[in-house]
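Geometric and topological summary
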Amino acid sequence: IKKVEENSKKNKKKKNYKLNNEQVKALEYLNIVNNKFDVSVLQGTTGSGKTLVYFKRIKKIIDQNKQALVLLPEIFLTNEFKFRFEDFFGFEPAIWHSKITPKNKRIIWQGIIKNKIKIIVGARSALLLPFKKLGVIVVDEEHDASYKQDEGAIYNARDMAISRASLEKIPIHLVTSIPS
């Protein structure tokens, strides 16, 4: 039953990453706005280390006993992302998307409410989870058209994420190589 929580607690061997000067400057800029609403765009070419910069930012947030939400545009990106995440943090993130089982959805929902799950990586619907101590939202590949829901309730998850960050009075980082 507690597989999701156990996975997020299993410590694996973390790799030690060092930021280059440009990445350090980007991280310092993101850290300036700590506990208030701010929209930042983290732009860089593919492979420039944007993910590493926001991982360092998330680490600081969860060290403050807050939660972080990372939105990815497509479900199929979550597995590749999960491996990069494990290399950096040393544990698996909780993953939220439409294909997870109802049982795991309940477990994640409860873990978020109790502040036991600190980091959620997910698709658009993760934005609607009941975070209690949300400290940052990261929208990876913010330019991607997959963030737009055009069936049923029509919305753009990137724009909704900005609205949620505003209501929560927390920073949001839009990460992309091609800003919208």
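Anything mentioned here points back to the structure above.
Residues numbered from 1 in each chain as written. Predicted model: local features only at pLDDT ≥ 70, side-chain atom pairs only at ≥ 80, totals over all residues. Heavy atoms only, no water.

1. Remarks on the overall build of the protein chain
Short version of the rule: The helix and strand labels rest on DSSP assignments: H or I over at least four residues marks a helix, E over at least two residues marks a strand, and numbering proceeds from the N terminus. Only protein chains enter the accessibility calculation, which uses a 1.4 Å probe. A residue is then buried if its area is under 20% of the maximum for its type, exposed if over 50%, and partly exposed in between. Contact criterion: two residues are considered in contact whenever any of their non-hydrogen atoms come within 4.5 Å of each other. A 1.4 Å probe and the Shrake-Rupley method give the accessible areas. Residues count as covered only by the protein chains that appear here. For this count, His and the chain ends are skipped, Lys and Arg are scored as positive, and Asp and Glu as negative. Taken as the charge centre is NZ of Lys, CZ of Arg, CG of Asp or CD of Glu, depending on the residue.
Along its length, the protein chain carries six helices and eight strands. If you list the helices and strands of the protein chain from N to C, you get α-α-β-α-β-α-β-α-β-β-β-β-α-β. Dimensions along the principal axes, computed over C-alpha positions, put the protein chain at roughly 45 × 40 × 30 Å. When each of the 180 residues of the protein chain is scored for burial, the buried share is 49%. Residue pairs in contact within the protein chain that sit at least 24 positions apart in sequence constitute 75% of those at least 6 positions apart. For the protein chain, the exposed area adds up to about 9900 Å²; of that, 52% sits on carbon and sulfur atoms. Positive and negative charge centroids in the protein chain, built from 33 and 19 side chains respectively, lie 9 Å apart.

2. Focus: the packing of aromatic side chains
The condition that has to hold: Classification of ring pairs rests on two measures: the distance between centres of Phe, Tyr or Trp rings, Trp counted by its six-membered ring, which must be within 6.5 Å, and the angle between planes, read as stacked under 30 degrees, edge-to-face over 60 and tilted in between.
This model, assessed by the stated rule, comprises 11 aromatic pairs. Ring plane angle 25° and centroid distance 5.9 Å describe the contact between Tyr-17 and Phe-88, whose orientation is recorded as stacked. Remark: Phe-88 occurs in helix α4 (residues 77–89) and Tyr-17 occurs in the loop between α1 (3–9) and α2 (21–32); sequence separation between them is 71 residues. Residue classification places Phe-88 among the buried positions, given a relative accessible area of 9%. Both rings, one in Phe-81 and one in Phe-85, keep their centres 6.5 Å apart while their planes meet at 40°; by these two values the pair is tilted. One end of the pair is Phe-81 and the other is Phe-85, both in helix α4 and four residues apart, which spans about a single turn. This pair shows no difference in class: Phe-81 is buried, exactly as Phe-85 is.

3. Focus: the packing of α2 against helix α3 (residues 50–63)
Applied cut-off: Here an angle of 0 to 180 degrees is reported between the N-to-C directions of two axes, which are lines fitted to C-alpha atoms, with helices fitted over the stretch in contact. Any angle that falls under 35 degrees is termed roughly parallel, while one over 145 is termed roughly antiparallel, one within 65 to 115 roughly perpendicular, and all others oblique. Should the near helix be turned anticlockwise from the far one by less than a right angle, the crossing is left-handed, and should it be turned clockwise, the crossing is right-handed. Amino acids outside the nonpolar list (Ala, Val, Leu, Ile, Met, Phe, Trp, Tyr, Cys, Pro) and the charged list (Asp, Glu, Lys, Arg) are all regarded as polar, and Gly is one of them.
Running from amino to carboxyl end, α2 crosses α3 at an angle of 40°, the nearest separation of the two axes being 9 Å. Considering their axes alone, α2 and α3 lie oblique with respect to each other. With respect to the hand of their crossing, α2 and α3 are arranged in right-handed fashion. Of the residues in α3, those touching α2 at Gln-23, Ala-26, Leu-27, Leu-30 and Asn-31 are Leu-52, Val-53, Lys-56, Arg-57 and Lys-60. Within the contact of α2 with α3, the residues separate by chemical class into five nonpolar, two polar and three charged.

4. Considering the pattern of salt bridges
We apply this condition: By definition, a salt bridge exists where a carboxyl oxygen of Asp or Glu is found within 4 Å of a side-chain nitrogen of Lys or Arg.
In this structure the tally under the stated criterion is four salt bridges. A salt bridge links Arg-164 to Glu-168, with the shortest nitrogen-to-oxygen separation between them at 3.1 Å. Of this pair, Arg-164 and Glu-168 both sit in helix α6 (residues 157–168), separated by four residues, roughly a single helical turn. Overall, Arg-164 belongs to the buried group, its relative accessible area being 16%.

5. A closer look at the pairing of strand β8 (residues 171–176)
Put simply, the test is: Strands qualify as paired when DSSP identifies two bridges or more between them.
Of all six residues in β8, six are buried; the element is thus mostly enclosed. Side-chain alternation along β8 places Pro-171, His-173 and Val-175 on one buried face and Ile-172, Leu-174 and Thr-176 on a second face that is also buried. In this structure, strand β1 (residues 38–43) lies alongside β8, joined through six bridges in parallel fashion. The residue of β8 that forms the bridge with Asp-38 is Pro-171. Of the strand pairs in this sheet, strand β5 (residues 134–140) and β8 are connected by four bridges, and their pairing is parallel. Paired with Val-138 across the bridge in β8 is His-173.

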